[in-house]
Number of protein chains: 2
Amino acid sequence: MKIAVVSINATAIFILSWKEIKMEKWIYEKEYKTLSNEECLLDETVFHNANGYLGVRACFEEGYPEGYQTIRGTYINGVYDIADMKQAEPLYGLPNKKQTILNVADTQGIKLYLGKEEYSAGTGTLHSCKRSLNMADGVTKREVDWTSPQGKQIRLEIKRMASFVEKNLFMIEYKLTSVNYEGEVRIESSHSGDVKNFFDASDPRVSAEAADYLEPVQCRAENGIAYIVQKTKTTGQEICSAVKNISEELVSLGIFREERKAKEILEGNIEPGETITLYKYTVLTDSRRFENCLDGGKKVMEKILRIGADNLYHMQASYLNDFWQKSHLEIMGNDKMNLAIRYNLYQLLQSTGKDEYSSVAAKGLSGEGYEGHYFWDAEIYILPFFLLTNPKIARSLLEYRYSILDGARKHAAIMGHRKGALYPWRTISGEECSGYFLSGSAQYHINSDITYALISYYLATKDEDFMLDKGFEMLVETSRLWLDAGGYVDGRFHITAVTGPDEYTCMVNDNYYTNVSVQYSLRWTARLYRKLKDSDRLAVVCEKLGVTEKEIEEFDKVADAMFFPSDDKTKVIPQDGGFFTKPVLDLQKVPEDHFPLLLHYHPLFLNRYQVCKQADVVLASFLYEDSQTEEVMRASFDYYEKITTHDSSLSRCIFGIVAAKLGELDKAVEYMGDSAFLDLFNTHHNTKDGIHTANMGGVYMGIVYGMGGVRLKENGLYISPVLPKEWEGYEFTITYEGRQIQITVTDHVRIKTETDKPLNLFVYGEPYEVCGQLELKRR
Amino acid sequence: MKIAVVSINATAIFILSWKEIKMEKWIYEKEYKTLSNEECLLDETVFHNANGYLGVRACFEEGYPEGYQTIRGTYINGVYDIADMKQAEPLYGLPNKKQTILNVADTQGIKLYLGKEEYSAGTGTLHSCKRSLNMADGVTKREVDWTSPQGKQIRLEIKRMASFVEKNLFMIEYKLTSVNYEGEVRIESSHSGDVKNFFDASDPRVSAEAADYLEPVQCRAENGIAYIVQKTKTTGQEICSAVKNISEELVSLGIFREERKAKEILEGNIEPGETITLYKYTVLTDSRRFENCLDGGKKVMEKILRIGADNLYHMQASYLNDFWQKSHLEIMGNDKMNLAIRYNLYQLLQSTGKDEYSSVAAKGLSGEGYEGHYFWDAEIYILPFFLLTNPKIARSLLEYRYSILDGARKHAAIMGHRKGALYPWRTISGEECSGYFLSGSAQYHINSDITYALISYYLATKDEDFMLDKGFEMLVETSRLWLDAGGYVDGRFHITAVTGPDEYTCMVNDNYYTNVSVQYSLRWTARLYRKLKDSDRLAVVCEKLGVTEKEIEEFDKVADAMFFPSDDKTKVIPQDGGFFTKPVLDLQKVPEDHFPLLLHYHPLFLNRYQVCKQADVVLASFLYEDSQTEEVMRASFDYYEKITTHDSSLSRCIFGIVAAKLGELDKAVEYMGDSAFLDLFNTHHNTKDGIHTANMGGVYMGIVYGMGGVRLKENGLYISPVLPKEWEGYEFTITYEGRQIQITVTDHVRIKTETDKPLNLFVYGEPYEVCGQLELKRR
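Residues numbered from 1 in each chain as written. Chains lettered and ligands numbered in written order. Predicted model: local features only at pLDDT ≥ 70, side-chain atom pairs only at ≥ 80, totals over all residues. Heavy atoms only, no water.

S.K.: What is the right way to read the overall build of chain A from this model?
M.R.: Counting its secondary structure elements, chain A contains 19 helices and 31 strands. Computed over its C-alpha atoms, the radius of gyration of chain A comes to 27 Å, within 12% of the 28 Å expected for a compact globule of 779 residues. The principal-axis extents of the C-alpha atoms in chain A amount to approximately 85 × 60 × 55 Å. For chain A, buried positions account for 66% of its 779 residues. A fraction of 67% describes how many contacts in chain A between residues 6 or more apart in sequence connect residues 24 or more apart. Per element, the accessible surface of chain A, about 26700 Å² overall, is 46% carbon and sulfur. (Helix = DSSP H or I, 4+ residues; strand = E, 2+ residues; numbered from the N terminus. Rg over C-alpha atoms; globule rule 2.2 N^0.38 Å. Buried < 20%, exposed > 50% of the residue type's maximum accessible area, 1.4 Å probe, protein only. Contact = heavy atoms within 4.5 Å. Areas by Shrake-Rupley, 256 points an atom, 1.4 Å probe, with all protein chains shown as cover.)

S.K.: Explain the relation of the copies chain A and chain B here, please?
M.R.: Both copies of the chain are placed relative to one another by a rotation about an axis and a shift along it. Overlaying chain A with chain B gives an RMSD of 0.1 Å, the required rotation being 180 degrees about an axis along which the chain moves by 0.1 Å. As the rotation angle and translation indicate, the two copies are arranged about a two-fold axis. If distances are taken from each C-alpha of chain A to the rotation axis, the shortest is found for A:Gln87, at 2.9 Å. In this assembly, 100% of the residues forming the interface of chain A have copies in chain B that are likewise at the interface, indicating an isologous arrangement. (Least-squares fit on C-alpha atoms with pLDDT ≥ 70 in both.)

S.K.: Would you mind showing me how to read the sheet that holds strand E30 (residues 766-770) of chain A here?
M.R.: In a beta sheet, neighbouring strands pair by backbone hydrogen bonds and run either parallel or antiparallel. All names here are of chain A. If you walk across this open sheet you meet the four strands as E24-E25-E29-E30, and the pairing is mixed. Of all the strands in the sheet, just strand E24 (711-713) and E30 have a single pairing partner and so form its edges. Pairs of neighbouring strands in the sheet enclose a mean axial angle of 35 degrees, with direction left out of account. Where strand E29 (residues 759-763) lies against E30, five bridges are found, and the strand directions are antiparallel. Pairing of Leu-759 across the sheet is with Val-770, part of E30. (Pairing = 2+ DSSP bridges. Axes fitted to C-alpha atoms, helices over the stretch in contact; angles between N-to-C directions.)

S.K.: Looking at this structure, I do not really get the packing of helix H9 (residues 445-461) of chain B against helix H10 (residues 464-485) of chain B. What am I missing?
M.R.: How two helices sit against one another is set out by the angle between their axes and by the gap between those axes. All names here are of chain B. Between H9 and H10, the least distance of the axes is 10 Å, while the angle of their chain directions is 155 degrees. Comparing their axes, H10 and H9 come out roughly antiparallel. The crossing of H9 and H10 is left-handed. Across the interface between the two elements, His-445, Asn-447, Ser-448, Ile-450, Thr-451, Leu-454, Ile-455, Tyr-457 and Tyr-458 of H9 pack against Glu-464, Phe-466, Met-467, Gly-471, Met-474, Leu-475, Thr-478, Leu-481 and Trp-482 of H10. For the contact of H9 with H10, the per-class residue count stands at eleven nonpolar, six polar and one charged. (Parallel < 35°, antiparallel > 145°, perpendicular 65-115°, else oblique. Left-handed = near helix turned anticlockwise from the far one by under 90°. Nonpolar A, V, L, I, M, F, W, Y, C, P; charged D, E, K, R; others polar.)

S.K.: Would you mind going over the pattern of salt bridges with me for this structure?
M.R.: When their charged atoms lie close together, side chains carrying opposite charge are able to pair. Residue and element names in this part refer to chain B. Within the structure shown, the criterion is met by 121 salt bridges over all chains. With a closest N to O distance of 2.9 Å, Lys-30 and Glu-39 form a salt bridge. We note that Lys-30, like Glu-39, is buried. A salt bridge links Arg-72 to Asp-106; the nearest nitrogen and oxygen atoms lie 2.7 Å apart. (Salt bridge = Lys/Arg side-chain N within 4 Å of Asp/Glu carboxyl O.)

S.K.: Even after reading the chapter, I still don't get the packing of aromatic side chains, so can you show me in this structure?
M.R.: The relation between two aromatic rings is expressed through the spacing of the ring centres and the mutual angle of the planes. Counting across every chain of the model gives 86 aromatic pairs over all chains. When the centroid spacing of 6.3 Å and the interplanar angle of 50 degrees are considered together, the rings of B:Tyr444 and B:Trp482 count as tilted. Placement of B:Tyr444 in the loop between helix H8 (405-414) and H9 and of B:Trp482 in helix H10 is noted, with a sequence separation of 38 residues between them. Ring pairing ties together the aromatic residues A:Tyr370, A:Phe375, A:Trp376, A:Tyr381, A:Trp425, A:Tyr452, A:Tyr513, A:Tyr520 and A:Tyr624, which thus form one cluster. (Phe/Tyr/Trp six-rings, centres within 6.5 Å; stacked < 30°, edge-to-face > 60°.)

S.K.: Could you clarify how one ought to interpret the sheet that holds strand E3 (residues 49-50) of chain B in this entry?
M.R.: What the three strands build is an open sheet, ordered E3-E4-E5 (chain B); its pairing is antiparallel. A single partner strand is all that each edge strand has here, and the edge strands are E3 and strand E5 (74-76) of chain B.

S.K.: Even after reading the chapter, I still don't get unusual backbone geometry, so can you show me in this structure?
M.R.: Leaving glycine aside, a negative phi is the common case for residues, and trans is the common case for peptide bonds. Of note, the bond from A:Phe595 into A:Pro596 is cis; its omega dihedral lies within 30 degrees of zero at -5 degrees. Residue position: A:Pro596 is located in the loop between helix H13 (549-561) and helix H14 (603-608). One non-glycine residue, B:Asn223, lies in positive phi territory at about 55 degrees. Among the secondary structure elements, B:Asn223 is positioned in the loop between strand E15 (214-222) and strand E16 (225-232). Unlike most non-glycine residues, B:Ala497 shows phi in positive territory, near 55 degrees. Positionally, B:Ala497 belongs in the loop between strand E23 (492-495) and helix H11 (512-531).

S.K.: Looking at this model, I keep getting lost on the interface of chain A and chain B. Mind explaining?
M.R.: Accessible area lost upon the coming together of the parts serves often as the stated size of an interface. Taken together, the contact pairs 57 residues of chain A with 57 residues of chain B. A combined buried area of about 4800 Å² lies between chain A and chain B, and 62% of that area is made up of carbon and sulfur atoms. Contact with chain B buries area across many residues of chain A, yet A:His602, A:Leu604 and A:Arg608 alone supply 15% of it, more than any other trio. Remark: the boundary between chain A and chain B carries two salt bridges. A:Arg426 is the salt-bridge partner of B:Glu89, the closest N and O atoms lying 3.7 Å from each other. Linking chain A with chain B are 17 residue pairs in polar contact (both at pLDDT 80 or more), by the criterion used here. Residue assignment for the side of chain A that touches chain B shows that the elements contributing at least two residues are helix H10 (464-485), strand E22 (486-489) and H14 of chain A. (Buried area = accessible area lost by both parts, 1.4 Å probe. Polar contact = N/O pair within 3.5 Å; in protein donor to acceptor, adjacent residues only side chain to side chain.)

S.K.: So what exactly am I meant to see when it comes to the pairing of E22(A) here?
M.R.: Sheet faces and side chains relate simply in a regular strand, where the side chains alternate between the two faces. Residues and elements named next belong to chain A. The sheet contact formed by E22 and strand E23 (residues 492-495) spans four bridges and is antiparallel. Each bridged residue has a counterpart across the sheet, and for Val-489 the counterpart in E23 is Arg-492. Hairpin connection between E22 and E23: a loop of two residues separates the two successive antiparallel strands, and Asp-490 in this loop has a positive phi of roughly 50 degrees.

S.K.: Hey, could you run me through the nonpolar core in this one?
M.R.: For soluble globular proteins, the rule of thumb is that nonpolar side chains tend to be buried together. Ranked by internal contacts, the top residues of the largest apolar core, which has 448 residues, are A:Tyr381 and B:Tyr381. Those residues in contact with A:Tyr381 that lie beyond four places of it in its chain are A:Trp376, A:Leu619, A:Leu650, A:Cys653, A:Ile654, A:Ala694, A:Gly697, A:Gly698 and A:Met701. (Core = buried A, V, L, I, M, F, W, Y, C linked by side-chain atoms within 4.5 Å.)

S.K.: Whenever I open this one, the environment of B:Cys59 confuses me. Can you help?
M.R.: Residues and elements named next belong to chain B. Within the secondary structure layout, Cys-59 lies in the loop between strand E4 (54-56) and E5. Put simply, Cys-59 and Gln-108 are 49 residues apart on the chain and 7.6 Å apart in space, counted from C-alpha to C-alpha. If we skip the residues at most four places from it in the chain, Cys-59 touches Glu-44, Tyr-64, Thr-70, Ile-71, Arg-72, Gly-73, Gln-108, Arg-131 and Arg-160.

Structure representation (structure tokens):
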């Protein structure tokens, strides 16, 4: 594939040659003309297989021609070891260790020999090479047509799947067809625990050091299944990888083992026109989820083999059928955009952990960028998608946060707080892992981001059980933190020395986003207390936490006293108390190759100017829209748009949503297009390190929250759809208070509910009661 | 010695038992009752010998009893290697290497054997052990009266000197007297290049890693002199240590060499009442100052041996006689304070480099704290002493800064500036060595601190040659930096994202200290340009630098437009634009053992509150007093006094000076007392890592600038003496415009000049012309 220049301007994307990238309704397909290393690395990410539990990068089974870089990786969500993180000056409280995701056993390896000739993309003639992702079936496919140096022509069709139903399973179906070759075929199917994590010393966004975190426990073969058990050096977590190869056409010569490696050799014969198929099943288990991961691995593998490939494929398709039905979202007459959107939603499903041990890493399970850490991305960017399509997954993400609440309490103490909980900025199991606290631990807003998600979950589901079990405790503990993190000055409550979402402006006083989010969070803590007050269970929680009526009143009092920076003249909300005393950075004078700025300028330079990496005030305009007049929102949007570089992938989607809200639909379309194609076209130049999951969530939000104007408020569901002139219409399905609602936007807005029970909602701010269907003119 | 608790409150110091510490006019003497490890470590610093070029910690020649920790070190000012300094997140522009002072060859070792018994403070009976520093002679002495386990009683008198005249020389005179012993004496005089730097992983103020920076080049003996040449691993700097032992009573058995070590063994006999003396001469040379340091070492050693011990002692005393005459400072009737003051001034002389390769390290040459780096301490705290007593040394310090101006230009570019020079916050030869930029590189004020010193030098000397040669270039380049570091907002010039002197409040906008110092610096750049405009040499400099009249006008314009935070209601100057939006930290609630705060709280905690490590606005009140009314100065002093912890040793002295200025003389005396005894009584608990040179300069400033009210202004010398009621009077001599002036303050103020040439000055703000002598009533 050759894409000359992919502009980050969405409109430019359509100049691409679609002959080379095919986008059918459920299939993203790419045909390679040449195999550049860059393209291979990118597609290891783009076509990776994951299911929220495990992820496998889409590396070639046979490896690459010599000299090619590859990030060959397999990951388990929530399984980690500890890496050193030396601080240049070891100040009090700075972490000097960090949790890091592991590259676990590599079971991708399949080498093919035709007689004495080894199949390799680097030799012979590659007639064609295609890769595709089928999002209805949940499989990826690589199709190769190749002739060896000695003239043996074969075709390969390699399907891969990470099962959404059987989370521990990754499988490869390797199908060899001979065109003209007659003779011996040998396949070496390998399984290696001798793996290291990837590193790149030059990029602060990935790990700077290669490390080998695993030590061997055992390597054994039983019933033709190879098991490798390894243990992390510091955390002592065990991981078992089990591999079984099955082929009707081949005979196994046995499994050959070393301390950390196993290899099965299979042989047979082929004739022109014949096909040989190998099924390679990998089952991964870990000791966080299994008491004994070897036993667990055996049991799961037995089950998998009983089910068999055909049924596994079927289960996958059926799972996805349900997923796509719930996540229905379509722009009429814009198939390319639809496919891109589907790609993003599919990746969210692949990336998101669905148990209490895991959340969504910044790169999902597609790579090692940001070391598998969970950030606010999960709650602010990704959870909103699941909340409106699959609230159980949203709940699971919140349950993960509850599971690390104790870690957040400890972190608060390290940060000098006498009470409350402060969620770590980046973590796997609750310890702060950010090495640079200015754009790490200083981002206190992660606390209010989590509570925002919690409140949204409550608003969308009215799940009082969860709030009583877990939610209220999180609200109280984070609220307590806020009271200790800020203080009164002349009767107003100030929160100082924090960093807002914009990481180019660190450790500021009265970051607007932080203050408004804290106000919302404190108010909701008090509000929820009053809503649930009659429940005996609330009394138990309050007793346990020592919550008093007086403390609840204090939350409200602080919320009322919250200080907000403002600017009467321009109406623009200052990002923080001192933001407008800084000169504006003239972005026109920054050389084009100096973006993203963080890779070319010292942090002090970035902090010296009004220049934003990402949406900050504008994000607040979206999340806390009722705290601002539209005049202020518009003034701020216009202002920040000029000084924001969108060097963060979390930015454009938010600008798109607020543009939609303000009626700037051309802009909204442009921002959403940029977001939708970010990873497919590698516009941030680092998709090789993994997908940008937060942005993917942003793609969904752009349409549903942006164009659709969906909001969750105390008095109900709000829908305020707009339609850009480029679109014929669009349609999406959401789940609200347990039932599905389909919204179709053309000249009209049609709202359909699945039951006849009346649904109260607000359309364009006006209250309606929908029984079955409501249709009205679009504004 | 037993000092139960030394309060940091000066008045409490005088409860000490003076029987144990004697303070004669020139001699600080300490008699040990027990030799605790803590006391030994402290006194390795307190009694160290240095001369601005080399420094040797006062370790016992024979070593310590087993289990004692020692920081055995010998240092050369300006000689360094490079250490790794990994950043937890390798952001753009953060240094990942740093220069570090070296522990060079150890030539202190002298082991004494009486027959088969080895002398050691850990065995036998130590009848007495005294150490003293004679500041008139410039020697330290250790006197020991000891009986061996087998009953051999001896006395040792060990003198040590780092010659101020022959900078490369450190010598030991080791005198053994037998009380009752008759028999063989053997001395092993060692010389070892096998040394490492000290480390302490728990304290961010010293190096966190042991490192061996030297590799052997050669070890040879010639004419009874042992030479060890070593080379630093990264910078390739060579250091030669030459050692010669001379004793009339002993016979040398020769010099025994290894790769990096040499040892001379000397033997003889002794009888009761007899004395054996060994002179051990060490000459250190380095390749930064000598083209060939081995040749240089040989030549210097030859010269030293020709001069001989007696003459060397004489030269030392003569040098010091001159020094003390120029630095005359005496409080009448307060000998203890006088001795403490002398101790501080003596250490300044020992610590200060006097060539272009070196300045004054934070710990002088007495230890490895802060890794031998030069900070603003040199210009703001130490230079003012030399400026008024020995302007040549002040000039040398400025010449050092000129020598690294190119480094400052490069540093400015790394920090994203398009022009100008930004001095690194900590460095040896010009590269930024601070690992934590918030209280490192962000302290842009180092630029204006250096120019402040430069302007002071000009005011005290009117040395136009220096300004034309070097000074003006430094002014222009730093002024250019300021124009790029700040910017106009609504017509006012703001400097943002910098840290002022107070390191508990980092990366702020419009730090008052910074802004006022920049205004002063910009104005003086323009002023000096106009003063020197008629000189052809200025035209040459301007040509070279491309300075135009328009640029000079721009400096003035920016100075005029400078923004200053203010508070109309309280008159207190806000430390920065956002300072007063932070709550005040209640210091009463901080547990006593949590000071210094930086060792017990996360940086974000410290930044969240109004709490100061050190003088910031108050320092500006001293240095830039004409920028404030006395009302504002007083309000600010009162305010900041309450929220300053003085966790920095650079703080109390400044509060003392401003207290004196404001007539709060009791406070001034208390602050000055605290400063004067800081190292002698180890009140900061880390004098073992080295003396606090900045504070020592502050001791001088406290009296001369504080009580004496000396100021250097454009229209002349200002003197405004005050006299605290505890003092009978005081007297000091300063050098101004090339002549000495003696000021005596009692009920009267008497000002004597050494020539009859009339001197114009201001006393209490009134202009006077002094011919020989002026006497008037003290206010």
